[in-house]
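# Results of the structural survey
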Amino acid sequence: MKVPVSWLREYVDIEMNLDDLAHRLTMAGNEVEDIERTGWIDNVVVGHVKSVAMHPDAERLRLVTVDYGSGVAEVVCGAPNVAVGQKIAYASIGAVLQDAYSTEPGATKKLKRSKIRGIESEGMVCSVRELGIGDDHDGILVLDDGAKVGTPIGEILGESVVDIELTPNRPDCLGVVGVARDISAITGNPLRQPDVEFESTGPDVNTLATVVIADPDLCLRYTASVIQDVKVGPSPKWLKDRLIAIGERPINNIVDITNFVMFELGQPLHAFDYDKVVDHKIIVRRATEDEKLVTLDGKERKLDTEMLVIADPEKSIGLAGVMGGANSEISNSSTTVILESATFHGVNNRRTARTLDLASQATLRFEKSLRTGLSEVGLRRATKLICEIAGGNVASGIIDEYPSKGQEQAKVRLERDRIVRVLGVEFEKNVTETTLRNLGFDLNADSGGWDVDIPYWRPDISIPEDLVEELARIVGYDNIPTTTLAGRPPQWQPQPEIDLRMRITDVLAQAGMHEMISYAATTVEGEDRVKLPSDTAARITLRNPITTDYAVMRRTLREGILETVARNSRTWRGPIALFETGRVFLDYGEGLPEERQMASGAFAGPRNALHWDVPTVATDFYDAKGAVEAVLENLSIEAVFEPVEDMTFAPGRTAAIKVPSANHAVIGVVGEVASDVFSKFDAEVESVAMFELDLAAVLNVLQNSESLDSGKFEEFTRLPASHRDLSLIVDTGVTAGQIVAIAKRNRIVSSATVFDLFDGKGIPEGKKAVAVRLVYQSPNKTLTADQIGKIEKQILNQLSKEVGAELRA
Amino acid sequence: MPKDQGVQATHVGESVVDMKFAAIADLDSAESDDQLESWRVRFLGRKGRLTSLLRGLGSLDIDERKVIGAEANKLRGELESLYEERTSKLKSTRAPVGSIDITLPGRKPALGGLHPSTQMIREITQAFNEMGFQTIEGPEVELEKYNFDMLNIPANHPARDQWDTIWVDSDTHNDVLLRTHTSPMQARTMEQNDPPIRVIVPGKCYRYESTDATHEWHFNQVEGLAVDDGITFADLKGTLYEFARRIFGPQRKVRFRCDFFPFVEPGVDMSIDWNGSWIEILGAGMVHPKVLENAGYDSTKYTGFAFGMGPERISMLRNEITDIRHFFSNDLRFLTQF
């Protein structure tokens, strides 16, 4: 809401400078985003339209001759409302104007000499938006006739405007008086309320018009007055200036007054041409099926049966509280006016405006559920101004259909101790009372507190806490003390999922991987690239995704990781080691989806940065497996890696991670990504090794496996261990795992480690050499060489029998 | 005075210059400790050439003696420092047996790292953990009931405009959405637990909002909630002041102003002074009585405060990151800087 300071001063004295005022308003909840000095633009002066002719080559353009004081210019103008004799804002070459066609707010452009459809334009006639004083761009701004040609535009339009970012609870501040009232409460300077008294000279209003509310659930109150013999015409200068300063284009005195009162008090109003309302009877009803209405903007609107219309007995004449109908519009020939000031149902009004994509200043206010008291005040104020400005006779009395009378909450009880309970501080009784009274609240004090009347402009007040906030914001949050949270902290609750994720995140980061966080949504096609198993649960599809790139929630971290690896591979030459811990979304069709926590990571490119002594070798399966092993070791989970088929990964180069002690539960997968998957990611590396751990499964293992190392310290033997190396020849199909398993069957063997593999020169075709180090350790005696030799022989026999191993010569 | 005094003086003066050139030339050719020592004895020793020269000054008149004496002493200083320089130079080029090139890079273990959002979330949650708030998490795909209704944000209410929402497409449900804030955990926590409550809730949130350098549709938030008998606005201020001191330093100016969120009353915006302008860090307030009642709490007995903040925004401020989109692009050139 842009509030001109000169307008504020009509209602309250402001002694402090504008920066201080902005600060105080901001602290009290009306955040001042900016103080603009508007209307001062170099090279823009008052011009006089001398003639208007059609553009020879463009139907919608006009050739306008403008006298701008120091010369006469011919300009091309596209505005429909340009007319001979108007005083307008004329911009000459070099003027910096707001760019009315830019989507970027605040964008400006410098006016250059240009040809429009073959005709050179020496300058421009400006709209409200081009002048930077408002949004209107439907026509040029027409200045008051009295404006002197050649006067710099700043002298006419210059104004300091406070731009307030209003919160949705304060529709009162959508009227200048509301902001002035806050200033009055902050400064203690009294508020000067606008005058609403007028003299009725016409007949009884009920003899002239009637109002029927057919749908009282949507129209809580409807007040109306009738003014006869008005003279419709341009508004006086002061009124035009007010509207221009807040960015509204003046239209005619009647419409301008309704707009003025809306911006002054926050009550939207509408004026109908009395003679265009059949039987002078207004019916407030829901639209009928397939009903249509041409609104003031000339567009035909198709209505639905939840939309409230203003109608006469034959037709609808307005969309209630949204926009008037073209068929009852005030024109220069109107002589009698029916003025409407009503209270419409906020939610319904908002729905109508949204459905028709018809945002209006009226809906901006009505949707905040205005109080019914405001409509009458607004009606009286506007009626008074019409009398003053457009002349005419006001019918005596007002029409006041008030079906919701008595249903609105009228009072709030504020206990004194409530203030202390909420704020933690007690105010002097007179501080509380003065503050609330300055905000316009009527109070009835008793020993325990106050009965507070809710004023007609504050629909946001309904509970004592609302009044506590009023008190606190005006006294200032700075003046409330600061205390440390005392009392009893709640009982600690275990959070195993969070703890596990943090632990795994830390291990992977310590293992040299970089954590990434990717978007949790993707596309169907994108995710299909990783070929998830067909039995994966259904996807969550978004009804209104931000873009088609994020149409569904992810069911895997694999795609995001491969995408990130690929993207980095184009710019990053060093090792790529990335992981993510996050949720995947699995829809089982019942209730909310499962949000399963996963940890997944990938290695690509070289294993290490270029180094003088460490060879730069490509990462492979064993890097990914190593990361998994680090996690498992940290968690003391003993797992085995078994061949598995998974379409994301290359066959024969992929392992399922299983925990034998937990019923062989599968907790994840590790492998090299299949080339037909990987090729779809446009990566500049040869291969990617990736792992995935299902944290829910890991947690299940941790919580349910009995044989799990509980972290209990185990005394180590002080007896010396011995080690022997075996160099074996086996078939290429024999795995290291088989050899180690056989060796470790003997309980004296405390570890068996494959430390060399060789298959080449000197090794027969189809065979490979495997070197294994066996560590022998007895818990209760020192082993002799003979004893070790005996065991070794047994192991060799087993190896020979089971996997055909021979000692290498 | 002998008449050849001037000649002699000239001779002595030349000797200082000559000696300097001779000494420097000899020093530069000294390659071993022995040669260096011999040079030192010859030029700087007690019987060395410089000493002899100084001794010879006795025959000169007082003015000349002063001039030449000063030059000779200056030369001594110069030669001594040149000698030191040469000695250390020879030492450094002649490395001890078994020396290695200590300037070669070490075998540095690869350093991984946590995502900046994770780092900031941990820093924030830890600050509150230490004030008795426990970290919990909640669903990202959420029911309208928790995201809005129970938080006093009724359907079709203009207050909802503050949260543009991405909805889940479903044939059977139209009340499922991507949570627009972590605040639904206020309702869920109170629904499931009796007071006292002190929780801190980090997590991802989603908004139907077009993306630019300062706006993301996908971001993290950290929510806090404290509810008990006797919690006041003054406690809110004290708790959040303490938090701000930890995250932004004890000297940082902090401001609390009135703001509006439907689920609190009174509402608060906490801003910090950042290079002379106030930057909003978090929204907060006293839990709205309707929110307490909706969760089954007696609002006449219990009070509480809630707050919410964006870790990416704080990280952007502290680390001078100018584009929020960096956070989820996961470019290693970005990630490796934290």
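Residues numbered from 1 in each chain as written. Chains lettered and ligands numbered in written order. Predicted model: local features only at pLDDT ≥ 70, side-chain atom pairs only at ≥ 80, totals over all residues. Heavy atoms only, no water.

### Let's talk about the overall build of chain A
Check the secondary structure of chain A and you find 21 helices and 42 strands. Relative to its length of 809 residues, chain A is extended, with a C-alpha radius of gyration of 40 Å against a globular reference of 28 Å. C-alpha atoms of chain A, sized along the principal axes, occupy 130 × 80 × 55 Å. The 809 residues of chain A split such that 52% are buried. Counting contacts in chain A only where the partners sit at least 6 residues apart, residues at least 24 apart contribute 70% of the total. On chain A, roughly 36600 Å² of surface is accessible, and the fraction owed to carbon and sulfur atoms is 48%. (Helix = DSSP H or I, 4+ residues; strand = E, 2+ residues; numbered from the N terminus. Rg over C-alpha atoms; globule rule 2.2 N^0.38 Å. Buried < 20%, exposed > 50% of the residue type's maximum accessible area, 1.4 Å probe, protein only. Contact = heavy atoms within 4.5 Å. Areas by Shrake-Rupley, 256 points an atom, 1.4 Å probe, with all protein chains shown as cover.)

### Re the domain arrangement of chain B
When the domains of chain B are assigned, the result is domain 1 (5-93) and domain 2 (116-335). Centre-to-centre, using C-alpha coordinates, domain 1 of chain B lies 79 Å away from domain 2 of chain B. (Domains from an automatic or database assignment.)

### Examining the packing of helix α12 (residues 429-438) of chain A against helix α13 (residues 464-475) of chain A
Residues and elements named next belong to chain A. It is the contact of α12 with α13, at a shortest axis distance of 10 Å, that shows an interaxial angle of 95°. Regarding the angle of α12 to α13, the classification is roughly perpendicular. Along the contact surface, α12 presents Val-431, Thr-432, Thr-435 and Leu-436, while α13 presents Leu-467, Glu-470, Leu-471, Ile-474 and Val-475. (Axes fitted to C-alpha atoms, helices over the stretch in contact; angles between N-to-C directions. Parallel < 35°, antiparallel > 145°, perpendicular 65-115°, else oblique.)

### A word on the sheet that holds strand β41 (residues 767-776) of chain A
Residue and element names in this part refer to chain A. The antiparallel open sheet is built from 4 strands, whose spatial order is β40-β41-β39-β42. Whereas interior strands pair on both sides, the edge strands pair on one side only; in this sheet they are β40 (749-758) and β42 (806-807). Against the sheet, helix α20 (residues 736-744) makes contact with β39 (722-731), β40 and β41, and its axis sits at roughly 150° relative to β40, the strand it touches most. (Pairing = 2+ DSSP bridges.)

### Overview of the sheet that holds strand β22 (residues 323-324) of chain A
Residues and elements named next belong to chain A. Taken together, the 5 strands give an open sheet; going across it, the order is β14-β17-β20-β21-β22, and neighbouring strands pair in mixed fashion. Strands at the two margins of the open sheet, each flanked by one partner only, are β14 (210-213) and β22. Taken together, the 4 bridges between β14 and strand β17 (residues 281-286) define a ladder with parallel strand orientation. Paired with Val-212 across the bridge in β17 is Ile-283.

### Details of unusual backbone geometry
Here the amide bond leading from Pro-195 of chain B into Pro-196 of chain B is cis, since omega sits at 5°, within 30 degrees of zero. Turning to its location among the elements, Pro-196 of chain B is positioned in the loop between α7 (184-192) and β5 (197-206). With an omega of 0°, the peptide bond between Glu-265 of chain B and Pro-266 of chain B qualifies as cis. Within the secondary structure, Pro-266 of chain B is located in strand β8 (residues 264-274). Phi at Asn-43 of chain A takes a positive value of approximately 65°, unusual for a residue other than glycine. Within the secondary structure, Asn-43 of chain A is located in the loop between β2 (31-38) and β3 (44-55). Owing to a relative accessible area of 38%, Asn-43 of chain A belongs among the partly exposed residues under this scheme.

### Quick notes on the interface of chain B and chain A
On the chain A side, the residues contacting the 94 residues of chain B number 91 residues. When chain B packs against chain A, close to 7700 Å² is buried across both sides, 56% of that on carbon and sulfur atoms. Arg-583 of chain A serves as the salt-bridge partner of Glu-140 of chain B, at 3.4 Å between the closest nitrogen and oxygen. Our count for the chain B to chain A interface comes out at 44 residue pairs in polar contact (both at pLDDT 80 or more). (Buried area = accessible area lost by both parts, 1.4 Å probe. Salt bridge = Lys/Arg side-chain N within 4 Å of Asp/Glu carboxyl O. Polar contact = N/O pair within 3.5 Å; in protein donor to acceptor, adjacent residues only side chain to side chain.)

### Description of the pairing of β3 of chain A
All names here are of chain A. Relative to strand β6 (residues 87-92), β3 runs antiparallel, the two sharing 5 bridges. Bridge assignment links Gly-47 to a residue of β6, and that residue is Ile-88. Relative to strand β4 (residues 58-67), β3 runs antiparallel, the two being bridged by 7 bridges. Looking at the pairing, Met-54 lines up with Arg-62 of β4.

### Some words on the domain arrangement of chain A
All names here are of chain A. Domain annotation for chain A reports domain 1 (2-38 + 163-187), domain 2 (44-157), domain 3 (205-401), domain 4 (411-479), domain 5 (496-704) and domain 6 (722-807). At the junction of the two partners, domain 1 supplies 12 residues and domain 3 supplies 13 residues. Here domain 1 packs against domain 3, burying approximately 1100 Å² in sum over the two surfaces, 65% of which is carbon and sulfur. When the area that domain 1 buries against domain 3 is broken down by residue, the three leading residues are Trp-7, Pro-171 and Leu-174, summing to 52%. On inspection of domain 1 and its partner domain 3, the count reaches 1 salt bridge. Taken together, the links from domain 1 to domain 3 amount to 7 residue pairs in polar contact (both at pLDDT 80 or more). Counting residues per element, the ones that place at least two in the side of domain 1 that touches domain 3 are β1 (2-4), α1 (5-8) and α4 (176-187).

### What about the side chain of Glu-265 of chain B?
Note that Glu-265 of chain B resides in strand β8. Lacking a salt bridge, the buried Glu-265 of chain B has Arg-458 of chain A as its closest oppositely charged neighbour, with an N-O distance of 7.1 Å. (Lys, Arg positive; Asp, Glu negative; His and termini not counted.)

### Quick notes on the layout of surface pockets
Space left empty within the atom packing is revealed by a probe, the size of a water molecule, rolled over the atoms. Residues and elements named next belong to chain A. A volume near 1900 Å³ is recorded for the second largest pocket. Lining of the second largest pocket is provided by 43 residues; of these, Lys-625, Glu-629, Phe-641, Ala-736 and Gly-737 occupy positions nearest its centre. Contributing elements (two or more residues each) for the lining of the second largest pocket: α17 (621-635), β35 (640-643), β36 (649-659), α20, β40 and β41. Sorting elements by how many residues they give to the lining of the second largest pocket places β40 first, with 8 residues. When residues of the lining of the second largest pocket are assigned to domains, at least three map to each of domain 5 (496-704) and domain 6 (722-807). (1 Å grid on protein atoms, 1.4 Å probe; cavity = no way out; pocket = protein on both sides within 12 Å on 5 of 7 lines; lining within 4 Å. Points joined across faces, edges and corners; volume = space filled by probe spheres on them.)

### A closer look at the confidence of the model for chain A
With 99% of its residues at a pLDDT of 70 or more, chain A has an overall mean of 92. When the elements of chain A are averaged for pLDDT, helix α3 (residues 153-157) of chain A gives the smallest value, 80, and strand β29 (residues 514-515) of chain A the largest, 98. (pLDDT = per-residue confidence, 0-100.)

### Observations concerning the nonpolar core
Of all hydrophobic cores here, the largest spans 136 residues; its most connected members are Tyr-222, Phe-344 and Leu-423 of chain A together with Phe-243 and Phe-307 of chain B. Excluding its chain neighbours within four sequence positions, the residues that come into contact with Leu-423 of chain A are Val-468, Ala-472 and Ile-480 of chain A together with Thr-232, Phe-233, Ala-234 and Pro-266 of chain B. Ranked by size, the runner-up nonpolar core spans 46 residues in total, among them Ile-576 and Leu-578 of chain A together with Leu-178 and Trp-217 of chain B. (Core = buried A, V, L, I, M, F, W, Y, C linked by side-chain atoms within 4.5 Å.)

### Here we look at the side chain of Arg-285 of chain A
All names here are of chain A. Among the secondary structure elements, Arg-285 is positioned in strand β17. A polar contact of 2.9 Å, which involves the side chain of Arg-285, links it to the side chain of Glu-291. Non-local contacts of Arg-285, meaning those with residues more than four positions away in its chain, are made with Ala-214, Asp-215, Glu-291, Met-307, Leu-308, Val-309, Ala-311, Lys-315 and Ser-316.

### A closer look at helix α16 (residues 558-569) of chain A
Helical geometry note: an α-helix holds 3.6 residues per turn, so side chains three or four residues apart project in the same direction. Residues and elements named next belong to chain A. For α16, with 12 residues, the first-to-last C-alpha span of 16 Å sits near the 16 Å given by 1.5 Å per residue. Burial analysis of α16 places 10 of its 12 residues in the buried class, the great majority of the element. Burial in α16 covers these residues: Arg-558, Glu-559, Gly-560, Ile-561, Leu-562, Thr-564, Val-565, Ala-566, Asn-568 and Ser-569. (Expected span 1.5 Å × (residues − 1).)

### Considering the environment of Lys-429 of chain A
Residues and elements named next belong to chain A. As for its placement among the helices and strands, Lys-429 is situated in helix α12. Here Lys-429 falls in the partly exposed class, since its relative accessible area comes to 34%. A C-alpha to C-alpha distance of 55 Å links Lys-429 and Thr-335, two positions 94 residues apart in sequence. Residues within four places of Lys-429 in sequence aside, it is in contact with Arg-416, Ala-445 and Trp-450.

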